[in-house]
Amino acid sequence: MDYGLIYEVLSMTSLRTIGFFDSGVGGLSVMKEVRRLLPAEDLVYFADSAHCPYGSRPVEIIRGRAYAICDFLIGHGVKLIVIASNTTSVAALDAVREKYSVPVIGVEPAVKPAAAATVNGKIGVIATGVTLAGERFDSLVKRFGEGLEVFTQPCPGLVEIVESGRWDNEETEKLVGGYLNKLLDRGVDTVILGCTHYPFLRPVIEKLAGRGIKVIDGGEGIARQVARVLDNECLAADAKSAGGESFFTSGDPELVAPVLRLLWGKPDLQVKKKEV
Ligand code: DGL
């Protein structure tokens, strides 16, 4: 009997990895928090760069992309999927949960922590149009934003800026400043980053928002939820070994790799092309 082959097949098929995906590089802001909390886990990231941005696409298209990417991740042997995209969670979380047997975690604007943080009861949310228009967002505000004033602001263009890997410039400040001012004019003291791309713009956002404005994202909370689900399902990795990461994109790896390297902080990170 070829035990080497059996071991190889078993290790290929045993469920060891956590899968993440987003329209592009934004979901790395969530995966970073998971890496911080769970150093032993193997992580795989799929950037759907060929179809980025999702934020202005019909929900049916986004759902179709989610299915295609999840098929790939399941084939890759993932034990849990994180939809590291607010937009995709609105469009496809329920559908994906229904289709696949592994646990699936979605993300949503961090209204609950923002409700705890605000002093004057006025909260601003920046996100994509799809995220803000969804029923899911309304119900989130109903559940956690009771008695608060919640103002929303879609931010076309910000995802593209993060995807370009260049935001230390005047055009970015102008665009971000324009969106923020609409919320600040309403008197908000707390701003939620309701798109996983935006935490990478946090330094610009905090600088323009000024002191006294709290800027909140949901990455840490998602990481804690991932840890909880892994524990509950007895899926957590052996804490003794350090986990690795692998990266795939539907776009051009030559263009995507430098941005992933910058955001993940690993100059030798490799990205493989995968059309799904
Ligand atoms: N980063 C995603 C989100 O959280 C998707 C943004 C987009 O592609 O428009 O919504």
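Treat the numbers as computed from the prediction; the structure is a model and nothing was measured.

1. Digging into the overall build of the protein chain
- Looking only at helices and strands, one finds twelve helices and ten strands in the protein chain.
- Its C-alpha atoms give the protein chain a radius of gyration of 19 Å, near enough to 19 Å, the size a compact globule of 276 residues would have.
- C-alpha atoms of the protein chain, sized along the principal axes, occupy 70 × 40 × 40 Å.
- Residues classed as buried in the protein chain amount to 51% of the 276 residues present.

2. Considerations on the environment of Leu73
- Considering the arrangement of structural elements, one finds Leu73 in helix 3 (residues 59-75).
- Sequence separation of Leu73 and Gly19 is 54 residues, and the distance between their C-alpha atoms is 6.1 Å.
- Apart from the residues within four sequence positions on either side, Leu73 is in contact with Gly19, Phe20, Phe21, Val44, Val78 and Ile81.

3. Some remarks on the packing of helix 3 against helix 4 (residues 86-99)
- Running from N to C, helix 3 and helix 4 cross one another at 50°; their axes reach a closest spacing of 9 Å. Relative to helix 4, the element helix 3 lies oblique. In terms of crossing hand, the pair formed by helix 3 and helix 4 is right-handed. Mapping the contact onto sequence places Val59, Ile62, Arg63, Ala66, Tyr67, Cys70 and Asp71 in helix 3 and Thr87, Thr88, Ala91, Ala92, Ala95, Val96 and Lys99 in helix 4.
- For the contact of helix 3 with helix 4, a count of residues per class yields nine nonpolar, two polar and three charged.

4. Quick word on the packing of aromatic side chains
- What the rule picks out here adds up to three aromatic pairs.
- Geometrically, the ring pair formed by Phe72 and Phe248 is edge-to-face, given 5.0 Å between the ring centres and 70° between the ring planes. Of this pair, Phe72 sits in helix 3 while Phe248 sits in strand 9 (residues 245-249); the two residues are 176 residues apart in sequence, bridging distant segments of the chain. Per residue, the accessibility class of Phe72 equals that of Phe248, and both read buried.

5. Points about the site of the ligand
- In the vicinity of the ligand there are 13 residues, among which Ser23, Tyr54, Gly55, Thr87 and His197 approach most closely.
- Within the side chain of Asp22, a nitrogen or oxygen atom sits 3.1 Å from a nitrogen atom of the ligand.
- In this structure, Gly55 approaches the ligand through a main-chain N or O atom, which is 2.7 Å from an oxygen atom.
- Relative to its free-state accessible area of 300 Å², the ligand is covered by the protein chains to the extent of 99%.

6. Describing helix 2 (residues 28-37)
- The element helix 2 is largely enclosed, with a buried count of seven among its ten residues.
- Considered for burial, the residues of helix 2 that qualify are Leu28, Ser29, Val30, Met31, Glu33, Val34 and Arg35.
- Residues of helix 2 that are buried make contact with strand 1 (17-22), strand 2 (42-47), strand 3 (78-83), helix 11 (219-232), strand 9 and helix 12 (253-264).

7. Considerations on the environment of Val111
- With respect to the secondary-structure elements, Val111 resides in helix 5 (residues 111-117).
- A relative accessible area of 2% means that Val111 is categorised as buried.
- Spatially, the C-alpha atom of Val111 lies 31 Å from that of Phe248, the residues being 137 residues apart in sequence.
- In this structure, Val111 is in contact with Phe137, Leu140, Phe144, Gly145 and Ile192, ignoring residues within four places of it in sequence.

Calculation notes
- The numbering scheme is per chain: residues are counted from 1 as the chain's sequence reads.
- A pLDDT threshold of at least 70 governs which residues receive local features in this predicted model, and a stricter bar of 80 or more applies before side-chain atom pairs are shown or counted, although totals over entire chains, interfaces and linings include all residues.
- As a convention, hydrogens and water are excluded, and side-chain values are obtained from all of the structure's heavy atoms.
- Runs of E in the DSSP output that reach at least two residues are strands. Runs of H or I that reach at least four are helices, and both are numbered from the N terminus.
- Two things to know: the radius of gyration comes from C-alpha atoms, and the globule rule equals 2.2 Å times the number of residues to the power 0.38.
- Burial classes: relative accessible area under 20% of the type maximum marks a residue as buried, over 50% as exposed, and values in between as partly exposed (1.4 Å probe, protein chains only).
- Two residues form a contact once any of their heavy atoms are found within 4.5 Å.
- Here the axes come from fitting lines to C-alpha atoms, over the contacting stretch only for helices, and the angles between their N-to-C directions go from 0 to 180 degrees.
- When describing relative orientation, an angle under 35 degrees is termed roughly parallel and one over 145 degrees roughly antiparallel, while 65 to 115 degrees is termed roughly perpendicular and anything else oblique.
- The crossing is said to be left-handed when, going from far helix to near helix, the turn is anticlockwise and less than a right angle, and right-handed when the turn is clockwise.
- By the convention adopted, Pro, Cys, Tyr, Trp, Phe, Met, Ile, Leu, Val and Ala count as nonpolar, Lys, Arg, Asp and Glu as charged, and the other residues, Gly among them, as polar.
- Stacked, tilted and edge-to-face are the three classes assigned to paired rings of Phe, Tyr and Trp, where Trp is represented by its six-membered ring and a pair needs centres within 6.5 Å; plane angles under 30 degrees give stacked, over 60 edge-to-face, the rest tilted.
- Whether a residue is near a molecule or strand depends on its heavy atoms: it is near if one of them lies within 4 Å of it.
- Between N or O atoms, a polar contact is any pair within 3.5 Å; within protein, one atom must be a potential hydrogen donor and the other a potential acceptor, and residues adjacent in sequence are included only when both atoms are from side chains.
- Only the protein chains shown count as cover for residues, with accessible areas throughout obtained via the Shrake-Rupley method and a probe of 1.4 Å.

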